[in-house]
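Residues per chain are reported as follows:
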Amino acid sequence: MTKEELLREFEKTYGAGGEIATVFSPGRVNLIGEHTDYNGGHVFPCALTIGTYFAARKRTDTKVHFYSGNFPRQGVVERDIAADLEFNRRKGFSNYPMGMVWTYGKHGMKADCGFDVYIWGNIPNSSGLSSSASIELGMGKILNELFRFDVPNLQIALYGQYSENNYNGVNCGIMDQFAIAMGKKDCAMFLDTATLQYEYAPIELQGMKIVISCTNKKRGLADSKYNERRAECEEALSELQAKLPIKALGELTEEEFEANKDLIKDPVRIRRARHAVCENRRTIAAVELLKAGDIAGFGKLMNASHISLRDDYEVTGIELDTLAEESWKIEGCIGARMTGAGFGGCAVAIVKDEAVEQYIETVGRKYKEKIGYAADFYVVEIGDGTYVI
Ligand code: GLA
């Protein structure tokens, strides 16, 4: 969507005139390092060139209007900075942008008037490519523009996580908001979630593409299952702390974990913690391989990541397993795994240029045969973090 198209859509919804702020906020894909961000481990995500577009203009009263071009049947959703600022289940998607208005207010940056917002995105719905974090970051940037708040992107990411945790009730880590805020064209980010130290790693996929496949599965219980996994890890950590002076599972090597795992009194929790520990070490190793130009080695670790998420962490399910396992059979697929929280959502694969067409055709056919409905495929590009258009 161009800026002109965005402005035209805004004016169609709210009328012409006044000063209109415009922002783009990307989606993200995580290449490796899954369910490590709330365990003090490493992640390796990148921002995408698909994402969410925002246009907004101040009003003279206290009303806040949200219109999503993706949910036209919901029409304009009305909120109010004075009377309807708290989470409101009946107001659907507007709770994501409104959570940011609430969060800014909690941190001393109160909007002093209402505003109209137009939102449209091309991230597939419920895909696990972080459309919600994309909206949070975009809304933070819009608030900056409208009210001259001047919050830097890294801080907007922390506010986005705060909003998701405290307003929307999902106990997520920092990965999604960070990746969306700090993304850089053609680079992935190697982030240590324990310290927020990060470095950019160029993704030079010569002769290869990143292909995302979307299960199209309804993600009913995803949020509660996510919170359950997080609680299991916290409990395993506290059992290990009976003997080990650690603050997070991400501090352990595989060997240290194996030597001490019997402190954890439940076999399921042992598997959960083993995933968190091994996935973190795998992520560190994968980035080393990539830096050394060993993309085949990187791909093998992507596959190993999926297996650990399938068997130890149990967040894949038949849909994501089918996508990954069918991908592994394709000659020219370097590596494939689920990405994001799991329980549906998307898989990510690195595929040689000449194999992409056949990859999409074959994996798509096998998926439909087994699951009964189709998957969607996207060849994606790595783009910049949230910016003013
Ligand atoms: C979701 C969360 C992230 C992260 C991933 C799993 O995307 O929002 O914080 O925990 O799941 O890696």
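Each value, and the rule that gives it
- Residues numbered from 1 in each chain as written.
- Predicted model: local features only at pLDDT ≥ 70, side-chain atom pairs only at ≥ 80, totals over all residues.
- Heavy atoms only, no water.
- Helix = DSSP H or I, 4+ residues; strand = E, 2+ residues; numbered from the N terminus.
- Buried < 20%, exposed > 50% of the residue type's maximum accessible area, 1.4 Å probe, protein only.
- Areas by Shrake-Rupley, 256 points an atom, 1.4 Å probe, with all protein chains shown as cover.
- Lys, Arg positive; Asp, Glu negative; His and termini not counted.
- Charge placed at Lys NZ, Arg CZ, Asp CG, Glu CD.
- Pairing = 2+ DSSP bridges.
- Axes fitted to C-alpha atoms, helices over the stretch in contact; angles between N-to-C directions.
- Contact = heavy atoms within 4.5 Å.
- Core = buried A, V, L, I, M, F, W, Y, C linked by side-chain atoms within 4.5 Å.
- Near = heavy atom within 4 Å.
- Polar contact = N/O pair within 3.5 Å; in protein donor to acceptor, adjacent residues only side chain to side chain.
- 1 Å grid on protein atoms, 1.4 Å probe; cavity = no way out; pocket = protein on both sides within 12 Å on 5 of 7 lines; lining within 4 Å.
- Sits in = over half its atoms within 2 Å of the grid points.
- Nonpolar A, V, L, I, M, F, W, Y, C, P; charged D, E, K, R; others polar.
- Parallel < 35°, antiparallel > 145°, perpendicular 65-115°, else oblique.
- Left-handed = near helix turned anticlockwise from the far one by under 90°.
- Points joined across faces, edges and corners; volume = space filled by probe spheres on them.
- Expected span 1.5 Å × (residues − 1).

What follows concerns the overall build of the protein chain. From N to C terminus, the protein chain includes eleven helices and 13 strands. Buried positions account for 59% of the 389 residues belonging to the protein chain. Approximately 16200 Å² of the protein chain is accessible, and the part contributed by carbon and sulfur atoms is 49%. Side-chain charges of the protein chain comprise 46 positive and 55 negative groups, with the mean position of each set lying 3 Å from the other.

Below, the discussion takes up the sheet that holds strand E12 (residues 376–380). In any sheet, the strands associate via hydrogen bonds between backbone groups, in a parallel or an antiparallel arrangement. Reading across the sheet, the four strands line up as E10-E11-E9-E12 and stay open at both edges, with antiparallel pairing between neighbours. Every interior strand has two partners, whereas the edge strands, strand E10 (333–339) and E12, have only one. Strand-to-strand twist in this sheet, taken as the mean axis angle between neighbours without regard to direction, amounts to 20°. Relative to E12, strand E9 (residues 208–214) runs antiparallel, the two being bridged by five bridges. When the sheet's bridge partners are listed, cysteine 214 is paired in E12 with aspartate 376. Packing of helix H11 (residues 356–371) onto the sheet brings it into contact with E9, E10, strand E11 (346–352) and E12, and relative to E12 it is tilted by some 155°.

With that out of the way, let us pick up the nonpolar core. In this structure, Tyr104, Phe115, Met139 and Leu143 are the most contacted members of the largest nonpolar core, which totals 44 residues. Residues contacting phenylalanine 115, with those up to four places away along its chain left out, are Arg57, Lys58, Arg59, Lys63, Val64, His65, Val101, Met139, Leu143, Leu146 and Phe147. Core analysis: the next-biggest nonpolar cluster, separate from the first, contains 41 residues, Val211, Leu244, Ala276 and Tyr313 among them.

A few words on the site of the ligand. All residues in the neighbourhood of the ligand are listed as Arg28, Glu34, His35, Asp37, Tyr38, Cys172, Gly173, Met175, Asp176, Tyr226, Gly340 and Ala341. Aspartate 176 is positioned such that a nitrogen or oxygen atom in its side chain is 2.6 Å from an oxygen atom of the ligand. Here the ligand, which alone exposes 310 Å², has 93% of that area covered by the protein. When atoms are counted within 2 Å of each cavity's grid points, the one that captures over half of the ligand is the largest pocket. Here the shell around the ligand is composed, by residue class, of five nonpolar, three polar and four charged.

If you trace the three strands from one edge of the open sheet to the other, you get E2-E7-E8, paired in antiparallel fashion. Sheet topology places strand E2 (42–43) and strand E8 (197–202) at the edges, where each strand pairs with a single neighbour. Note that strand E7 (residues 187–192) and E8 share six bridges and pair antiparallel. Each bridged residue has a counterpart across the sheet, and for phenylalanine 190 the counterpart in E8 is glutamate 199. This element, helix H5 (residues 175–182), spans E2, E7 and E8 of the sheet and lies at about 135° to E7.

Further remarks concern the packing of helix H9 (residues 295–311) against helix H10 (residues 317–328). At a minimum axis separation of 11 Å, H9 and H10 run at an interaxial angle of 150°. Classified by the angle their axes make, H9 and H10 are roughly antiparallel. The handedness of the crossing between H9 and H10 comes out as left-handed. For the pair H9 and H10, contact is made by Asn303, His306, Ile307 and Arg310 and by Leu320, Asp321, Ala324, Glu325 and Trp328, respectively. Of the residues that constitute the contact of H9 with H10, the class distribution is four nonpolar, two polar and three charged.

Our focus in this paragraph is the layout of surface pockets. By volume, the largest pocket is sized at about 1300 Å³. What lines the largest pocket is a set of 45 residues, among which Tyr96, Ser131, Ser132, Arg219 and Asp223 lie closest to the centre. At the level of secondary structure, the elements contributing two or more residues to the lining of the largest pocket comprise helix H2 (95–106), strand E6 (115–121), helix H3 (131–147), H5 and helix H6 (222–240). Here the residues of the lining of the largest pocket are counted per class, giving 16 nonpolar, 21 polar and eight charged.

End to end, helix H4 (residues 153–166) covers 20 Å across 14 residues, agreeing with the expected 20 Å (1.5 Å per residue, within 8%). Looking at the packing, one finds that the buried side of H4 touches H2, H3 and H5.

Moving on, we get to the packing of H3 against H4. At a minimum axis separation of 9 Å, H3 and H4 run at an interaxial angle of 125°. By the angle between their axes, H3 is oblique relative to H4. Note on packing geometry: the crossing formed by H3 with H4 is right-handed. In this structure, H3 uses Ser132, Glu136, Leu137, Gly140, Lys141 and Asn144 to contact H4, whose residues at the interface are Asn153, Ile156, Ala157, Gly160 and Glu164. Considering only residue class, the contact of H3 with H4 consists of three nonpolar, five polar and three charged.

Any functional reading would require information that these geometric values do not contain.
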